[in-house]
Amino acid sequence: MPSLSEETGGARERLLPGDVIGIVGGGQLGRMMALSAKYMGLRVGVLDPTEDCPTAQVGDFQIVADYDDKEAIRELAERSDVLTYEFENVDADALDAVRDIVAIPQGTDLLRVTQNRIAEKTFINEHGIETAPWRAVNSREELDAALEEIGFPAVLKTCEGGYDGHGQIVLREPADLADVWPDDAFPPAILEGFVNFAFEASILVSGNGKDYRTFPIVHNIHRNNILHMTLAPAKVSENVARTAHELAIELARGFELAGTLAIELFVTPEGKVIVNELAPRPHNSGHYTIEACDFDQFDMHILGICGWSLPQPKLLSPAVMVNVLGQHVEPTRAAAPEHPEWHVHDYGKAVVKHNRKMGHITVLCDDPACAAELLEATHCWDE
Ligand code: AMP
């Protein structure tokens, strides 16, 4: 991993107050990164096609352009001291093209690996870490052959561009093959064995290219393939917690990670920890860290890409985080004034849409399961 000084032609080892962080993507993750950067005295520029996007509202300047607009990426690079991104589908070639003018401490290998499920699973398995069994498939014939080996139930996923369950077909029985793409529209895909998990979990790891720190493993509850709640910490054995920590450190080392990486996990009833997928950035399941930890996932991301020494973040209190989607905006806004225990986050998005992430609420508590029940009892999340 080249140091910032090498990347910037020997300018300086570390970023300092007054320097500029450029963020590709201006959604809520960029906004919360920017808030961490701002309190540390850094300046923030953002590239996003939506004027007054969530990140621009708290940053210093915005370049209004598409994420893959190479000229715009170059302009952001020229106006920044370090570049980062808040989502994984950034054009890695466009970032490589500006590495001579701006430091990109995360590099682009991490992006390239996490943009493609085959590259991602290969990387994970090569580091001795378990995933669901999988095969690359590019046609119905290859799918049939892979199903012979993996068996039903299984999940067929596009290699690129899938998120929140998009680009996925669950194959429970042969009849479900009717939903599979015809050969002339069969995208590069993988077939994965279905994991009978006890629950879904995640762990965050942050690095500065040399040292790596994890947050505790947390329990995630999804609805319609979208994260609904995170219970922190997950109620797991010491063995599961240690396995999650060790695999996170192993992956971080493998990437020479700078910034924050999220690792989505399945925990089986027997206590096996299986990696589902990686996100090369702070993650929705880490929003609880803002109130519940002394250093949150965004602080760690900024410290890591600035090349500072990293603290070991501490969980100060158990917590529950619940997402506020478009359909939850009205009920939560009506209820919030009567809930002083809620830490309400609103991302400042102008357009409210069903299933769109508009904000989140975190509650610090003694018992996350109990706090989750109290949140559900408000009926704000019935829809
Ligand atoms: P992904 O886009 O890979 O995160 O998948 C979205 C959701 O589908 C996950 O959060 C799981 O609930 C489910 N899922 C994905 N892959 C598998 C699998 N191999 N076995 C069981 N459930 C899965």
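Now for a look at the structure at hand.

### Quick word on the pairing of strand E17 (residues 357-364)
So, point 1. Burial of E17 is extensive: 7 of the 8 residues sit out of reach of the surface.
So, point 2. Bridging between strand E15 (residues 319-325) and E17 involves 7 bridges; their strand directions are antiparallel. Counted as the bridge partner of Val322 is Ile361 from E17.
So, point 3. With 4 bridges joining them, strand E16 (residues 343-346) and E17 adopt antiparallel strand pairing. Paired with Val344 across the two strands is Ile361, which belongs to E17.

### Comments concerning the side chain of Glu88
So, point 1. Residue position: Glu88 is located in the loop between strand E4 (82-85) and helix H4 (92-96).
So, point 2. Judged by its relative accessible area of 17%, Glu88 falls in the buried class.
So, point 3. Polar contacts involving the side chain of Glu88 include one to the side chain of Arg281, which spans 2.6 Å.
So, point 4. Beyond its immediate sequence surroundings of up to four residues, Glu88 is in contact with Leu111, Thr114, Gln115, Ala279, Pro280 and Arg281.

### Side note on the packing of aromatic side chains
So, point 1. Considering all chains together, one arrives at 5 aromatic pairs under this definition.
So, point 2. Ring plane angle 85° and centroid distance 5.3 Å describe the contact between Trp181 and Phe186, whose orientation is recorded as edge-to-face.
So, point 3. Relative accessible area serves as the criterion here: at 10%, Phe186 is assigned to the buried category.
So, point 4. The ring of Phe61 carries the charged tip of Arg79 above its face, separated from the ring centre by 3.9 Å.
So, point 5. Looking at Arg172, its charged tip hangs above the ring of Phe194, at a distance of 5.4 Å from the centre.

Cut-off values and rules
- Residues numbered from 1 in each chain as written.
- Predicted model: local features only at pLDDT ≥ 70, side-chain atom pairs only at ≥ 80, totals over all residues.
- Heavy atoms only, no water.
- Buried < 20%, exposed > 50% of the residue type's maximum accessible area, 1.4 Å probe, protein only.
- Helix = DSSP H or I, 4+ residues; strand = E, 2+ residues; numbered from the N terminus.
- Pairing = 2+ DSSP bridges.
- Polar contact = N/O pair within 3.5 Å; in protein donor to acceptor, adjacent residues only side chain to side chain.
- Contact = heavy atoms within 4.5 Å.
- Phe/Tyr/Trp six-rings, centres within 6.5 Å; stacked < 30°, edge-to-face > 60°.
- Lys NZ or Arg CZ within 6 Å of the ring centre and 35° of its normal.

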